[in-house]
Amino acid sequence: MKEFWVEILPWDKEAALAAIEGGATALLLDSKDQAASLARIPIISTDGDLVEGRDFQRIEIRDKATEEQAAEYARSGFVVVRTTDWTVIPLENLVSVSDRIIAEVNNADEVALALGILEKGVGGILLKSRDPEQIRSVAALMEGDASTLPLLPLTITRITPVGIGDRVCIDTCSLFAEGEGMLVGNTSSALLLIAAETMENPYVSPRPFRVNAGAVHMYILSPDGKTRYLSEISAGDKGTAVSENGRTRTLSVGRVKIERRPLLLVEAAREGQTASAVIQNAETVRLVSEDGTATSIVDLREGDRILGHLMSGGRHFGVAIDETIIER
């Protein structure tokens, strides 16, 4: 999840409200007391929650020396970077070595440019604006900012019951679109796309905020690119929604339900690499097929093709590492 800081100097209540409602992660103000009655949000000021020089650094990129200084600052925390003529190359160099770069921007065009640098974009933005409409426009860009994961079709090789176990339903604070879901798997390097419960069913109403993600031991892909165990997910965490074309967006988790249910093991393969997941044996649980449709587990057969995400190497505490690890 990228940082979205908004500088409102001098104070403007309407601008602050637009920033808060737009999902700003911090406000830069003259005083922490100015927004105290509006919402609970971190304040950047000399007396605030975040203080320049203590919690983050700020620098103007004028030459190679200041670019190198910014990279050094980013080794220990966030650094707000301003470029004199909005030259992209220094930002590309910084983004290539750190995800703690926050670009100082003045309008939506500059935001779009910053979010597209090296495809992954900067770690966040500091928007200098007191215009509520400008702030709302940028908020929409931030919400829509997404990376794209390569999804590949895998051929189902086995579906078999594995008995009763504890499975995890993730209820988010947002609605999924059809074809969206979450990536989960038995191994951290091969994940399958489990669809959200967006479709009509004769037995139960849709739950378009929910993904029935599977057994507690499995991995799930997080917004930071790391994996976590499903058993670790709880209210207030961030999750990653993934569409059938690989577009991602960050969601907030509102609730997690863990219940004992009958489970199935699903295995699928592509070019010698296997992905598998243990999911609930229920008609409401769907995987995303090659054509982007959500197909119920009761209708899937060996030989059918479903979407997944394959990676190389292994994971240590959720972080990708270049090491030989065997998981099966």
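First, a word on what this report is: a plain description of the structure on this page. From a predicted model like this one, the values you see are computed outputs, not experimental measurements.

Reading guide: rules and limits
Residues numbered from 1 in each chain as written. Predicted model: local features only at pLDDT ≥ 70, side-chain atom pairs only at ≥ 80, totals over all residues. Heavy atoms only, no water. Buried < 20%, exposed > 50% of the residue type's maximum accessible area, 1.4 Å probe, protein only. Helix = DSSP H or I, 4+ residues; strand = E, 2+ residues; numbered from the N terminus. Pairing = 2+ DSSP bridges. Right-handed = clockwise from strand over helix to strand, strands pointing away. Phe/Tyr/Trp six-rings, centres within 6.5 Å; stacked < 30°, edge-to-face > 60°. Contact = heavy atoms within 4.5 Å. Axes fitted to C-alpha atoms, helices over the stretch in contact; angles between N-to-C directions. Parallel < 35°, antiparallel > 145°, perpendicular 65-115°, else oblique. Left-handed = near helix turned anticlockwise from the far one by under 90°. Nonpolar A, V, L, I, M, F, W, Y, C, P; charged D, E, K, R; others polar. Salt bridge = Lys/Arg side-chain N within 4 Å of Asp/Glu carboxyl O.

1. Regarding the pairing of strand β7 (residues 124–128)
Successive side chains on a regular strand alternate, one facing one side of the sheet and the next facing the other.
So, point 1. Taken across its five residues, β7 has four buried, putting it largely inside the fold.
So, point 2. In the sheet, strand β1 (residues 3–7) pairs with β7 via five bridges, with the strands oriented parallel. Note on β7: the bridge partner recorded for Trp5 is Leu126.
So, point 3. Strand direction decides the pairing type here: strand β6 (residues 101–105) and β7, joined by four bridges, are parallel. Within β7, the position partnered with Glu104 by the bridge is Leu126.
So, point 4. Each parallel crossover has a hand, and the one from β6 via helix α4 (residues 108–115) to β7 is right-handed.

2. A word on the packing of aromatic side chains
So, point 1. The tally for this structure, following the rule as stated, stands at three aromatic pairs.
So, point 2. Residues Trp5 and Phe56 carry aromatic rings whose centres are separated by 5.3 Å and whose planes lie at 65 degrees to one another, so their mutual orientation is edge-to-face. Placement of the pair is Trp5 in strand β1 and Phe56 in strand β4 (residues 56–61), with a sequence separation of 51 residues. Of the two residues, Trp5 and Phe56, neither departs from the other in class, the shared state being buried.
So, point 3. Aromatic pair Trp5 and Phe78: ring centres 6.0 Å apart, planes at 75 degrees, arrangement edge-to-face. Residue Trp5 is found in strand β1, and its partner Phe78 is found in strand β5 (residues 78–83); the two are separated by 73 residues along the sequence.

3. Some words on the sheet that holds β7
So, point 1. Strand order in the open sheet formed by seven strands is β3-β2-β1-β7-β6-β5-β4, with parallel pairing between adjacent strands. Two strands bound the open sheet, and with one partner strand each, they are β3 (43–44) and β4.
So, point 2. Bridge count between strand β2 (residues 26–28) and β3: two bridges; the pairing is parallel. Within β3, the residue paired with Leu27 across the bridge is Ile43.
So, point 3. Set on the sheet, helix α2 (residues 64–74) makes contact with β4, β5 and β6; between it and β4 the angle comes to about 165 degrees.

4. Thoughts on the packing of α2 against helix α3 (residues 88–95)
So, point 1. For the pair α2 and α3, interaxial distance at closest approach is 10 Å and the crossing angle is 30 degrees. Classified by the angle their axes make, α2 and α3 are roughly parallel. Crossing of α2 over α3 shows right-handed handedness. Note on element contacts: α3 touches α2 through Pro90, Asn93 and Leu94, opposite Lys64, Glu67, Ala70 and Ala71.
So, point 2. A class-by-class count of the residues in the contact of α2 with α3 yields four nonpolar, one polar and two charged.

5. Describing the pattern of salt bridges
So, point 1. Taken as a whole, this structure holds 20 salt bridges when the rule is applied.
So, point 2. Ionic pairing is found between Arg54 and Asp55, a salt bridge with its closest N-O pair at 2.8 Å.
So, point 3. In this structure, Glu267 engages Arg158 in a salt bridge whose closest nitrogen and oxygen atoms are separated by 3.1 Å. One end of the pair, Glu267, is in strand β15 (residues 248–270); the other, Arg158, is in strand β8 (residues 152–172), and 109 residues separate them in sequence.

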